[in-house]
Amino acid sequence: MHRIHYIKLCDEEYLSNMKDQYENNYHFSGITEGLDRGTKGQISTFISTVSQKKEAAENRSSPTHFVLPNIKNVRDLPPVCLDVRQKQRISVDALSSEMKASAPPESTFPMQPKTMKDFQEDVEKVKSSGDWKAVHDFYLTAFDSFPELNIAFKKDAAASFNTIEDSGINAKFVNAVYDTLLNTPQDIQKTVLKGIINSLLREWKGPRTKDDLRAYFILLQNPQFNNTSTYVIYAHLLRQIATLVEADHHFLVHWLKKLSQKRFKQLVERLLQFISLRLFPAKPEEFPPITKCSWWIPSASKVLALLNTANSLVHPSLISYTDFYNSTLDHIDLMEEYHTWQSFGNSHRFSFCQYPFVISIAAKKIIIQRDSEQQMISIARQSLVDKVSRRQRPDMNMLFLNMKVRRTHLVSDSLDELTRKRADLKKKLKVTFVGEAGLDMGGLTKEWFLLLIRQIFHPDYGMFTYHKDSHCHWFSSFKCDNYSEFRLVGILMGLAVYNSITLDIRFPPCCYKKLLSPPVVPSDQNTPVGICSVTIDDLCQIMPELAHGLSELLSYEGNVEEDFYSTFQVFQEEFGIIKSYNLKPGGDRIPVTNQNRKEYVQLYVDFLLNKSTYKQFAAFYYGFHSVCASNALMLLRPEEVEILVCGSPELDMYALQRSTQYDGYAKTDLTIRYFWDVVLGFPLDLQKKLLHFTTGSDRVPVGGMADLNFKISKNETSTNWLPVAHTCFNQLCLPPYKSKKDLKQKLIIGISNAEGFGLE
């Protein structure tokens, strides 16, 4: 797909033909017929633009011209979309006489229409009289033009509302009008669509005003655009919004974030449906040929980017980031999209990778896996070529990252092997335990990960501190001469992602945010890595008690300096010795006061999460990226990296039941029926314990329960025995218990007391 083209005369003719259909009282389905007729004209030239002098003169003479105020937070916001281009300005003089006729002059001072109360009274009267005239007249007037929309829905028609946070629109009135619209007769709905067409035709020609933005904001919420017969109109509306200048987008973003959760989600779902049906139309004849509307999906994606930005500005967000996923994209050629993005970046050619928030985590995993596989194949091929070029006999082992470790020296051997074979990290991993016969078909690799992670994260090892209140680990701030073991942990996480292994690691969310700061390793070795903006909310996810204390300090109403007697200095215990650190130069002499307490809290949080553990985290960062050095990481959110590493916490035991394999049992056997009756009736904590008991983790891989390859095997032993698990193979060995009560009792004992018995 190509980027949005400049406006062509044929696009104007599309809308003109549609307007004619509504004037002739055709049904919605008649739209496409008008479109077909409109595209038969051999019109291909671009409309000429007005000279800069003439446009400037028109701008000065326009009574509604809006000058963007100098607002700091407009400039501070990041660009919504890097490849949005401002569209060409079209002169009304350049239009044909027919086009001029279809765009009646704007009303300078439209009459004040009904209030919300008047409108609701008219709707109530319809129930008794059946006369829709008053309601029809309202819709006819309100949607006739952009100025009329503003007069109808602005809280105060005379006010300019030049603040970025307030659109000046009566949101309740807009909602009431749209909720009623879908229940009105078809002629009223056609009237609204005809008015929108008129407005879109008229509004192509001049610079955008604040009232124009309000009109776009109102029209974007129109529920009629759920109907595929309105998609051509919807597409033109989306294109006009997508091609606004960046400053205008910032206004829209701030207005969109003020929508209710329900309305906001409806907008997102409508846009996702629009993209899905354009990609895979149920009735292709409903739409113009793809060559005529290649700009539809890029336009919709850019408007979705506005909504995604708006959602990220609200805390907590209006909807989950997963609500932006478009599962339809799981069925397109994702690698072609990825390669297009790799080749052209954020310009020239459209790719869904420019808008990664619409790509599901499952689809992103496919991209990362295939990118990893291509890197594995490339490196293995190069190793083979090097061998052959030196006239050496090729060895199949050279195609893998072969790890040979002793169980008694697991950490040191693993560190030595990974350091020595740094060039092979992107090959397929195979593990051998010295002195043990066995071929690694995946089980030994998983066991190596489980044992290594368990040992490294043990409190006695001292690398990580476990915080009981938050149930997560954080990097120890102890200073040391060698941080190579932190690099080892990073490599382990990278290898797990690279080899599709789910790890039982509990890092807080900010860890993954730091891991993507930046997502690609900088070429300059002096550039700081693993440093990101952190807040007291991030600290709360690790040290909730300390975060609560700092929050109390921020809200304290007394005299902070006299009552707390603190300075910009903090203390930490390291190997039994209390050490002090200044949060800023001369911090030990700067008292914390009511005026500077916000700065103190921010510096304290930054010290704990960034500065005090910088060397440890930098080693961890470089270890992870030494394996996962791929631009595909730029597609991921921190939450998605966590899911790739640790799996998803969302359990679906019914899905596990459907995908379970059996050895020695049939799914209709009485013991198996007892088992699922018991497990499906377990509370969530016991279900997680069962999963942890059998797989080594209580989380689910990205692909869902089916990716676990969960197996229940018959254990021909006494029914007095407890169940046994082989975590390397996600296998549960179950004796043939004779009663549901006995099975439940033995299963709960087994899964609740596995820790320390080597059965976990």
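Look above for the structure.
Residues numbered from 1 in each chain as written. Predicted model: local features only at pLDDT ≥ 70, side-chain atom pairs only at ≥ 80, totals over all residues. Heavy atoms only, no water.

J.: Requested: an account of the sheet that holds strand β10 (residues 731–734), with residues and values cited.
T.: Pairing is mixed in the open sheet, where four strands are placed in the order β7-β8-β10-β9. Each of the sheet's edge strands pairs with one partner strand only, and the pair in question is β7 (661–663) and β9 (724–726). Ignoring which end each strand starts from, the neighbouring axes of this sheet average 25 degrees apart. Bridge count between β9 and β10: three bridges; the pairing is antiparallel. Among the inter-strand pairings, Ala-725 is bridged to a residue of β10, identified as Leu-732. (Pairing = 2+ DSSP bridges. Helix = DSSP H or I, 4+ residues; strand = E, 2+ residues; numbered from the N terminus. Axes fitted to C-alpha atoms, helices over the stretch in contact; angles between N-to-C directions.)

J.: Tell me about the environment of Leu-539, residues and numbers included.
T.: Relative to the elements of secondary structure, Leu-539 occurs in helix α22 (residues 536–540). It is 8.3 Å that separates the C-alpha atoms of Leu-539 and Leu-608, two residues lying 69 residues apart in sequence. With near-sequence residues (within four places) excluded, Leu-539 lies in contact with Pro-544, Leu-546, Ala-547, Leu-550, Val-605, Leu-608 and Leu-609. (Contact = heavy atoms within 4.5 Å.)

J.: So, the packing of helix α10 (residues 186–202) against helix α12 (residues 231–242): which residues are in play, and what are the values?
T.: Put simply, α10 and α12 touch, their axes get as near as 11 Å, and they point 35 degrees apart. Seen from above, α10 lies across α12 with left-handed handedness. When α10 is examined against α12, the residues Leu-193, Ile-196, Ile-197 and Leu-200 are found in contact with a partner set consisting of Ile-233, His-236, Leu-237 and Gln-240. Across the contact of α10 with α12, the residue classes break down as six nonpolar, two polar and no charged. (Left-handed = near helix turned anticlockwise from the far one by under 90°. Nonpolar A, V, L, I, M, F, W, Y, C, P; charged D, E, K, R; others polar.)

J.: If you had to explain the nonpolar core to someone new, which residues and values would you point to?
T.: Side chains of a nonpolar character, in soluble globular proteins, are inclined to be buried together. In terms of nonpolar packing, the biggest core is built from 177 residues, with Phe-143, Phe-153 and Trp-448 touching the most fellow members. Take this core: its biggest share by element is 10 residues, from helix α20 (residues 484–498). Those residues in contact with Phe-153, other than ones at most four positions away along the chain, are Phe-138, Phe-143, Gly-168, Ile-169, Asn-170, Phe-173, Val-174, Val-177 and Ile-218. By size, the runner-up hydrophobic cluster in this structure holds 28 residues, among which are Leu-651, Val-678, Val-679 and Ile-751. (Core = buried A, V, L, I, M, F, W, Y, C linked by side-chain atoms within 4.5 Å. Buried < 20%, exposed > 50% of the residue type's maximum accessible area, 1.4 Å probe, protein only.)

J.: For the side chain of Gln-221, give the residues involved together with the corresponding values.
T.: On the secondary structure map, Gln-221 appears in the loop between α11 (210–219) and α12. There is a polar contact of 3.0 Å between the side chain of Gln-221 and the backbone oxygen of Phe-217. Once residues within four sequence positions are removed from consideration, Gln-221 is found in contact with Val-174, Asn-175, Tyr-178, Leu-259, Leu-267 and Arg-270. (Polar contact = N/O pair within 3.5 Å; in protein donor to acceptor, adjacent residues only side chain to side chain.)

J.: Before we move on, could you go through helix α25 (residues 597–611) and cite the residues and values that matter?
T.: Along its 15 residues, α25 runs 19 Å from first to last C-alpha, staying within 8% of the 21 Å computed at 1.5 Å per residue. If you check which residues of α25 are buried, you get Arg-597, Tyr-600, Val-601, Tyr-604, Val-605, Asp-606, Phe-607, Leu-608, Leu-609 and Asn-610. (Expected span 1.5 Å × (residues − 1).)

J.: Any details on the packing of helix α18 (residues 410–420) against helix α19 (residues 443–456)? Residues and values, ideally.
T.: Contact geometry for α18 and α19: axes closest at 10 Å, N-to-C directions at 115 degrees. Our classification of the angle between α18 and α19 gives roughly perpendicular. For the pair α18 and α19, the crossing hand works out as left-handed. Residues Leu-410, Val-411 and Ser-414 of α18 pack against Trp-448, Leu-451, Leu-452, Gln-455 and Ile-456 of α19. Split by residue class, the contact of α18 with α19 holds six nonpolar, two polar and no charged. (Parallel < 35°, antiparallel > 145°, perpendicular 65-115°, else oblique.)

J.: Give a description of the pattern of salt bridges that names residues and reports values.
T.: Tallying each qualifying case throughout the model produces 26 salt bridges. The partner of Arg-589 in a salt bridge is Asp-588, with the nearest N and O atoms 3.8 Å apart. Look at Arg-589 and you get exposed, because its relative accessible area is 67%. A salt bridge links Glu-639 to Arg-637; the shortest N-O distance between them is 2.9 Å. Look at Arg-637 and you get partly exposed, because its relative accessible area is 30%. When salt bridges with common partners are traced through the structure, they connect Lys-154, Asp-211 and Arg-214 into a single cluster. (Salt bridge = Lys/Arg side-chain N within 4 Å of Asp/Glu carboxyl O.)

J.: Describe the pairing of strand β5 (residues 569–574), listing the residues and the values that go with them.
T.: In this structure, β5 lies alongside strand β6 (residues 577–582), joined through six bridges in antiparallel fashion. Across the sheet, the residue bridging to Glu-574 is Ile-577, located in β6.

J.: Tell me about the environment of Phe-457, and name the residues and values.
T.: Topologically, Phe-457 is positioned in the loop between α19 and β3 (464–467). On the basis of relative accessibility, which here comes to 8%, the residue Phe-457 falls in the buried class. A C-alpha to C-alpha distance of 9.6 Å links Phe-457 and Val-489, two positions 32 residues apart in sequence. Here Phe-457 is in contact with Phe-464, His-473, Val-489, Ile-505 and Phe-507, once residues within four sequence places are set aside.

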